[in-house]
Amino acid sequence: MFKSFIHVSAVLLLGILSPLCVGAAEPLEHRWVYLQQNLQVKENLPKIEAILRRAAKSGYNGVVLADYKLSILDRVPDHYFKNAARFQEICRELNLEIIPTVTNFGYSSGILAHDPNLAEGLPVRDVPFVVKSGKIVLDGAGKNLIPGDFESAKSDTFSGWGYQDEPGQGTYVDSEMKHGGKASLRIQNAPGIEGNRRVSKSIKVRPWSQFHASVWIRTENFDSAGETRMFAMSPTGRVLSHSNLGVQRNQEWTQHHVVFNSLESSEIRFYLGAWGCRGGKLWMDDAVLVEEPFVNLVRRPGCPLTVQDDSRHVTYVEGRDFVELRDSKLGNSPWPGEFDVYHEPPSLTLAPGSTIKDGQKLLVSYSHAVTIYDGQVPCSLTEPKVFEIVEDQVRRVHKLFNPKIYFLSHDEIRVANWSDPERASGKSAGEKLAENVRRCAEIIRKVSPEARLCIWSDMFDPHHNAVKDFYLVNGDLAGSWKGLPKDTIVINWNSGKPSPSLKHFAGLGHSQVLAGYYDAPPGRIRNWLDVGKEVPQSIGGAMYTTWRGNFADLEAFATAAWGDRK
């Protein structure tokens, strides 16, 4: 799991909060290092051992083990357990407590490896289909909603787009380099010039429908490859698609995809281009935006598939009127638990002897998963089978490590609270998340009654992600913190708003461990500890947290965080 750029931005802000100061006056109980390592690979053990020996020498007393394999211990090979035993042996020798991560809500591939249909699904409602020559097809299928062939232009201004950045100065018609047809869109700045280089268009759409956008892209020494985006936005400013395109600095013509749901919007604004564009060249061509149902189709009790006649008087039966509809590629790309942005979806097909007749119009409702950034897919917060998997995971981790502290991996939950039972309950997203955390705590305490719990801060912090309409969460996450048991240690990573965040959790009675470093100057943890003096009884520790696997500053962080006061 990798945090988004928000983490780095937040910690960079911390550098302007106050001058460097001494670390916490009182000893820090928890001095941890966050370790993302795969114990299944034997060759990782010497590297892990070297890190842990350095950590112990610098005063660390705990290691948070974030190993994806802890979620799938039922299917790892035997040598995994031998390697885990060696890891335990090293930690015992060095007096390092093992804190394993469990309950992967937010980054849920470990849970979804057991059943991809547990992914949180966005609802699609009453999509019109029609039966033609024995086939069920989308009514109006295949219509491109954007002028993406870039064939029509006057000078360097393309026709059909509502807005274009800097025609003739940053965006151009290129008739020499194109993927298809006679021309393409070229993005190129004059030396030393930066700025957004985009085209956009307002489009009428049907609410609660699924759309697929694609574009062919070529680059040449393009410095802003990572800022190349394609997405839809609602009239309220809510971004409806968050998948990274994965454009490279230099690439030949490559097709890139996004899939999104219009939600309640009857009009969207569609964007295509590069943000903060710098040097190099990028070409775009043959862009397509179409309605395309059933991509990453989710099937479970809380996300039903419904096929009705257009009067809604008749509901047709799966297996009798139409063939069972499943997406065989759901959550299996390239292996169980991993989702791709787009693949060819399954088709709705008439069953032999169906009561659905040729020419008949249908209304179809279902749910589908979407990816966030680089393949992140959250699982359902409420589906009963999720908790069966969580309990099995906790029991296996307990048997393996018998830990005194469990790390709940509720973090950056960007899609939630859309299933039929959740919406019918009338409860907010915050209430549902609170119920989820209570349930997870009960499961862990049932397996290990004396165990302590810790959890990431962001989804329970009103100064961070516990807010209304966070990404694609349905509703307000306020109040989610009410589900945290009082003795839960909060692993706080809100260094962007340290004072209100620390006070929020201190007011709730939680001990806090500051998740610092984030691949930034290690001395910044001292600024955060200085702010923590506002709530000294709540600050229980600090954690060296790297998302790039960079342990070069392990000792410097320890000196800044606790120095001689261990």
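Presented here is an overview of the structure given in this document. (Residues numbered from 1 in each chain as written. Predicted model: local features only at pLDDT ≥ 70, side-chain atom pairs only at ≥ 80, totals over all residues. Heavy atoms only, no water.)

## What about the nonpolar core?
Counting 130 residues, the largest nonpolar core has Y60, F87, F105 and F401 as the members making the most contacts within it. Of all hydrophobic cores here, the second largest spans 19 residues; its members include V131, I136, V307 and L348. (Core = buried A, V, L, I, M, F, W, Y, C linked by side-chain atoms within 4.5 Å. Buried < 20%, exposed > 50% of the residue type's maximum accessible area, 1.4 Å probe, protein only.)

## Topic: the layout of surface pockets
The calculated volume of the second largest pocket comes to roughly 280 Å³. Around the second largest pocket, the lining comprises 17 residues; the ones closest to its centre are E292, P293, P345, P346 and S347. Elements supplying a minimum of two residues to the lining of the second largest pocket: β5 (135–138) and β17 (281–291). With 3 residues, β5 is the largest single contributor of residues to the lining of the second largest pocket. Grouping the amino acids of the lining of the second largest pocket by side-chain chemistry returns 12 nonpolar, 2 polar and 3 charged. (1 Å grid on protein atoms, 1.4 Å probe; cavity = no way out; pocket = protein on both sides within 12 Å on 5 of 7 lines; lining within 4 Å. Points joined across faces, edges and corners; volume = space filled by probe spheres on them. Helix = DSSP H or I, 4+ residues; strand = E, 2+ residues; numbered from the N terminus. Nonpolar A, V, L, I, M, F, W, Y, C, P; charged D, E, K, R; others polar.)

## Topic: the packing of helix α2 (residues 44–57) against helix α3 (residues 78–93)
Look at α2 against α3: their axes get within 10 Å of each other, and the N-to-C directions meet at 15°. With respect to α3, the axis of α2 lies roughly parallel. The two elements α2 and α3 cross, and the hand of that crossing is right-handed. From α2, L45, I48, E49, L52 and R53 reach across to α3, where they touch N83, R86, F87, I90, C91 and E93. Residue composition of the contact of α2 with α3, by class: 6 nonpolar, 1 polar and 4 charged. (Axes fitted to C-alpha atoms, helices over the stretch in contact; angles between N-to-C directions. Parallel < 35°, antiparallel > 145°, perpendicular 65-115°, else oblique. Left-handed = near helix turned anticlockwise from the far one by under 90°. Contact = heavy atoms within 4.5 Å.)

## Describing the sheet that holds strand β8 (residues 163–164)
The 4 strands are arranged β8-β11-β16-β13 in an open sheet whose pairing can be described as antiparallel. The sheet is open, and its two borders are formed by β8 and β13 (228–233), each paired with just one other strand. By the bridge criterion, 6 bridges tie β13 to strand β16 (residues 267–277) in an arrangement that is antiparallel. Bridging across to β16, M233 finds its partner in R269. (Pairing = 2+ DSSP bridges.)

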